[in-house]
Amino acid sequence: MKIIHCADLHLDSKLNTNLDGAKKRERKAELLNTFTRMIDYAVENDVRAVIIAGDMFDTKNVSVTARNTVSQAIISNPDITFYYLKGNHDADGFLNQLEVIPDNLKLFADTWTSYEICGDDKAMQMSPSKDNTHVNRCKVTITGVELNKDNSSYIYSALVLDNDKINIVVLHGQESNYTAKNKVENISIGDLKNKGIDYLALGHIHSYKEEILDTRGVYCYPGCLEGRGFDECGEHGFVLLDIDEEKGNIQRSFVPFAKRRLHTVYADVTDCMTTPDISEVIKGVLGRENIPETDMVKLVLTGKVDALCEKDISVLLSQFQGDYYFLKIYDETNLAVDFNEFRHDESLKGEFVRIVMDDDGLTEEMKAEIIRCGVFALSGEEIV
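Thresholds, definitions, all that
Residues numbered from 1 in each chain as written. Predicted model: local features only at pLDDT ≥ 70, side-chain atom pairs only at ≥ 80, totals over all residues. Heavy atoms only, no water. Helix = DSSP H or I, 4+ residues; strand = E, 2+ residues; numbered from the N terminus. Axes fitted to C-alpha atoms, helices over the stretch in contact; angles between N-to-C directions. Parallel < 35°, antiparallel > 145°, perpendicular 65-115°, else oblique. Left-handed = near helix turned anticlockwise from the far one by under 90°. Contact = heavy atoms within 4.5 Å. Buried < 20%, exposed > 50% of the residue type's maximum accessible area, 1.4 Å probe, protein only. Pairing = 2+ DSSP bridges. pLDDT = per-residue confidence, 0-100.

**Focus on unusual backbone geometry**
Positive phi, close to 75 degrees, is recorded for Asp12, a residue that is not glycine. Take Asp12: it is sitting in the loop between β1 (2-6) and α1 (21-44).

See the structure below:
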């Protein structure tokens, strides 16, 4: 039996931080298309179920396009059961817009809800009654709860699982080593140990992470399907679970699936004196990174440069931004100012440097920047 574990799709994200205009609209559509591509992957690879561990949407007011795309993907694939646990960004907007909840869309509540996946692809919600006529046929159980301020303090003690089943537990929140009062987003990993969990399917952290839970199970964040900002660099995708029901084990693999990757690249431009000098350094760095032209890049200039270094970021941006889907340049260089070069200079520059250096109200960083601007101004250069 194969199951996909994904989370943090953040469909309908505004994407205002880096993009604007056509690219923002295009990237917004790409997030939605990656979800439908994942469903196509599920169909092609005989996946029985898709677990969405929170934050399927980024806003309470779901757009008509996102609603129709997601609901149609679910309805059109009745052989795949979708287990949707709402996260901190989700609300009831999507569900309230549906005329009918599809039979293959399973939801969770603020108390533990369990579903058993049977050999015939049918998922049934476990009944509180003692009727266990189906137990021998259904070996995989998916259990989840949506955390809130009312249940977060006691919910762990209320979790009771059948140790003879393959138990998948779904939660959304930040991992923690303890239960924190009034911290709804915290998941107490310690309180979930030795509960009979084979796989703890989590959402909230936007990068892939898997750790040992206890002697029996692991906990895993699949990360988001697509990186949206440069705090979400690297590979993104979902986790594929391949469950051997007879042997009772789970094979896990991370599947990179994003249309585009985001990269943060650092270029040390120490000792460069001109924009062409810096350009040559950037060419070498980007050449070694071998980044596809379809990806997004944040280029950070580092190192120490002379106060008289001529550095035009707009020229550098125009030179390299056409090589990628999107590129931005951050200048995080520090000034390497040899103040003594001017301190004894019997000139206007020397007098200016001496005045700045003798000002005890300025930090060394402030002095360096003031001297840089002043030296450029006295040389008749434009200050950038």
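**Thoughts on the packing of helix α7 (residues 348-357) against helix α8 (residues 364-378)**
For the pair α7 and α8, interaxial distance at closest approach is 10 Å and the crossing angle is 165 degrees. With respect to α8, the element α7 is oriented roughly antiparallel. The way α7 lies across α8 gives a crossing that is right-handed. Here Leu348, Lys349, Phe352, Val353, Val356 and Met357 of α7 come into contact with α8, specifically with Lys367, Ile370, Ile371, Gly374, Val375 and Leu378.

**Description of the pairing of strand β7 (residues 138-144)**
The element β7 is extensively covered by neighbouring structure, given that six of its seven residues are classed as buried. For β7 and strand β8 (residues 166-172), the ladder comprises five bridges, and the chain directions are parallel. The residue bridging Thr143 from the neighbouring strand is Val169, located in β8.

**A closer look at the confidence of the model for the protein**
Taken as a whole, the protein shows an average pLDDT of 89; of its residues, 90% reach a score of 70 or greater. Contacts of residues 127-136 to residues separated by more than four positions or lying in other chains number three contacts, the stretch itself having pLDDT below 50.

**Description of the packing of helix α4 (residues 275-289) against helix α5 (residues 313-320)**
At a minimum axis distance of 10 Å, the contact between α4 and α5 shows a crossing angle of 40 degrees. Taken as a pair, α4 and α5 cross one another with a handedness that is right-handed. Across the interface between the two elements, Thr275, Ile278, Ser279, Ile282, Lys283 and Leu286 from α4 touch Val315, Leu316, Gln319 and Phe320 from α5.

**Topic: the sheet that holds strand β15 (residues 249-256)**
Taken together, the six strands give an open sheet; going across it, the order is β4-β3-β2-β1-β14-β15, and neighbouring strands pair in mixed fashion. In this open sheet, the two strands that pair with only one neighbour each are β4 (105-107) and β15. The average angle at which neighbouring strand axes cross in this sheet is 20 degrees, direction not considered. Bridge count between strand β2 (residues 47-53) and strand β3 (residues 81-85): five bridges; the pairing is parallel. Residue pairing across strands places Ala53 opposite Leu85, the latter belonging to β3.

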